[in-house]
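Given next are the chains, with one letter for each unit.
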Amino acid sequence: MSAKRQSNDKTARKCSKKDKRGESAIINPDLEDTVVRCGMRDAWKKKTSYSHGSIELDCEPFPHCKISNFVHNERFAQGLQDELLKLNYNSKSNDLYKFMQSDDLKKRKEHHISEMRSLIFDQFRSWLTEVLGVDLEPTVDISCAKYEQTDVLLCHDDELEGRRVAFILYLLPPWDIRDGGMLDLYSTDEHYQPVSVVKSLLPCWNTLVFFEVSPVSFHQVSEVLAEGKCRLSLSGWFHGPSLQRPPRCIEPPTPRHTHIPRDEKVLFEWVNETYMDPLYQAQVQQEFEDSSEIRLPNFLQEEKFKQVSEALRLAEVQWEKRGPPNKRCYARAEVQSMPACLKECWELFSSEPFFLLLSNLTGLSLHYLAVEDEESERDSQDGESDVEKEEEYGNNPEGQGPSTSSTERKNKGPPVCVGELRRWGHGDYTLLHDSVKMEFALDLLLHLGCRGWKAEFGGYTSYIARNEDEELLTVYPEDNSLALVYRDKETLKFIKHINISSTVQRPDDRVFYDFSFTYYE
């Protein structure tokens, strides 16, 4: 008898395990309700709000819907979370985001993941097709993301060819607005550009949010502020016919100006005397020509650097927030509001003597008095024509040899520049975007007020090749250090998002500044 009872006990345990493994994903029964289907279909068509039970539809600022208790059986949702947390995750970081992401889940064989995939790909997709009146394709993108402290996904619209509906299923611990990680929705202007966050959705356990991908579906995942919490979500896109997109908004170019006439004594008043030595300038030029970039520490004279730093801390400078948020977010000083010390520094970088100094430091043709390199002089002596030079330089790969021919340089007009005095703090960034003009340029950065700044805070300038993720060069904020970087037509740059750790570790000095100028031959 005892042997038989033992056998029965083992069988019972096996059945119990099998039942748990074989548990199916059951969708929220509210979605099966005919009244809900009709109500949702009508509201979506008319772009009005609708609410019933666990379903909330809102069409402002763009159509989106929240479904609480998306998976009806709680034990399955818990099992799904357990499987997702055991996956391998890859670190994802660029101008737009920083978080951990799994590989595509289309072929994963874990029970809960495959069950959830079937529910979303088949049952939920059919429901969406009926409610939205859109023929959604069987192919669905799906992956898992983990956001932890300082992780973020900045403002974007999700638009790529074929994407029609985005979805996010949250499987996270109890979450509070103070934890960050909100799904922020943006309003847009008459040019279909994002303006500001007008609604924030708190991520909640077993809640699915979906929204229509469109020219105005700008949103972000705000930075996760909570320490020790994991914002886990399953997300992806349903594909279908894309909505018609209006012409992209093209920003008017920032006006460029030629140098400001100034006496050369401005250099001796402001610039460290080391960089005024012709022999040292030649050494810097050689290093710059070898690598297309250089850092010049202690660039301003110490007394001038102190004056500028003090003025930034104490003066009543008027700061203008720059956007739109799908391209940039930082503060720019109004030139007219700058105190005399800051305005003088601004004029230094715009002055004719400084154009000449840059020419001597880099070998670029930023001033007519700049010494031509030996090859140019030899060509001139040999009587080589501008046309011949153009043919020769035109065969060079981009970024090698002279950037422009003599003829092109003559047609371009005089060297010009454009500049800003910028303030950087928590939440600020710039993004890569389509409207950047492809051209050769010399970037100048002089950082101030960044003592004790760490790379982990963000705020550094990253240079990458177009359509590539790998960094070519990174310029970190460093007090009174002048960075010069020459970029070709295929090089882009962005400022990495500044995260919460910058304020935690620098509570008394939460911002830094830079003079940012770009020069064109």
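Residues numbered from 1 in each chain as written. Predicted model: local features only at pLDDT ≥ 70, side-chain atom pairs only at ≥ 80, totals over all residues. Heavy atoms only, no water.

Help me out: how do you make sense of the packing of helix α7 (residues 302-314) against helix α8 (residues 340-350) in this one?
To characterise two packed helices, one gives the angle between the axes of the helices and the distance between these axes. Contact geometry for α7 and α8: axes closest at 8 Å, N-to-C directions at 125 degrees. As far as their axial angle goes, α8 and α7 are oblique. Crossing handedness for the pair α7 and α8: left-handed. Here α7 contributes Lys304, Gln307, Val308, Ala311 and Leu312 to the contact with α8, which in turn contributes Cys341, Leu342, Glu344 and Cys345. In terms of residue class, the contact of α7 with α8 is made up of six nonpolar, one polar and two charged. (Axes fitted to C-alpha atoms, helices over the stretch in contact; angles between N-to-C directions. Helix = DSSP H or I, 4+ residues; strand = E, 2+ residues; numbered from the N terminus. Parallel < 35°, antiparallel > 145°, perpendicular 65-115°, else oblique. Left-handed = near helix turned anticlockwise from the far one by under 90°. Contact = heavy atoms within 4.5 Å. Nonpolar A, V, L, I, M, F, W, Y, C, P; charged D, E, K, R; others polar.)

What is the right way to read the packing of aromatic side chains from this model?
Each aromatic ring pair is described using two quantities: the centre-to-centre distance and the angle formed by the ring planes. Across all of its chains, the model carries 25 aromatic pairs by this definition. Between Phe299 and Phe354 the ring centres are 6.2 Å apart and the planes differ by 90 degrees, which places this aromatic pair in the edge-to-face class. Taken together, the residues Phe299 in the loop between β14 (293-296) and α7 and Phe354 in helix α9 (residues 352-362) connect sequence positions 55 residues apart. Each member of the pair Phe299 and Phe354 is classed as buried. (Phe/Tyr/Trp six-rings, centres within 6.5 Å; stacked < 30°, edge-to-face > 60°. Buried < 20%, exposed > 50% of the residue type's maximum accessible area, 1.4 Å probe, protein only.)

For this particular structure, what's the right way to read the nonpolar core?
Nonpolar side chains tend toward joint burial in soluble globular proteins. With 47 residues, the main nonpolar core has Met40, Phe70, Leu84, Met116, Phe124 and Phe210 as its most contacted residues. For this core, the leading source of residues is helix α4 (residues 111-132), giving ten residues. If we ignore the near neighbours within four places in the chain, the residues touching Phe124 are Ile27, Leu31, Ile67, Phe70, Leu119, Leu208, Phe210 and Phe238. Grouped together as the second largest cluster of nonpolar side chains are 46 residues, Leu300, Ala333, Trp346 and Leu421 included. (Core = buried A, V, L, I, M, F, W, Y, C linked by side-chain atoms within 4.5 Å.)

Looking at this structure, I do not really get the confidence of the model for the protein chain. What am I missing?
In low-pLDDT segments, the atomic positions of the prediction should not be examined closely. With 88% of its residues at a pLDDT of at least 70, the protein chain reaches an overall mean of 89. Low pLDDT, under 50, characterises residues 1-8; the predicted model gives this stretch zero contacts beyond four residues in sequence or across chains. (pLDDT = per-residue confidence, 0-100.)

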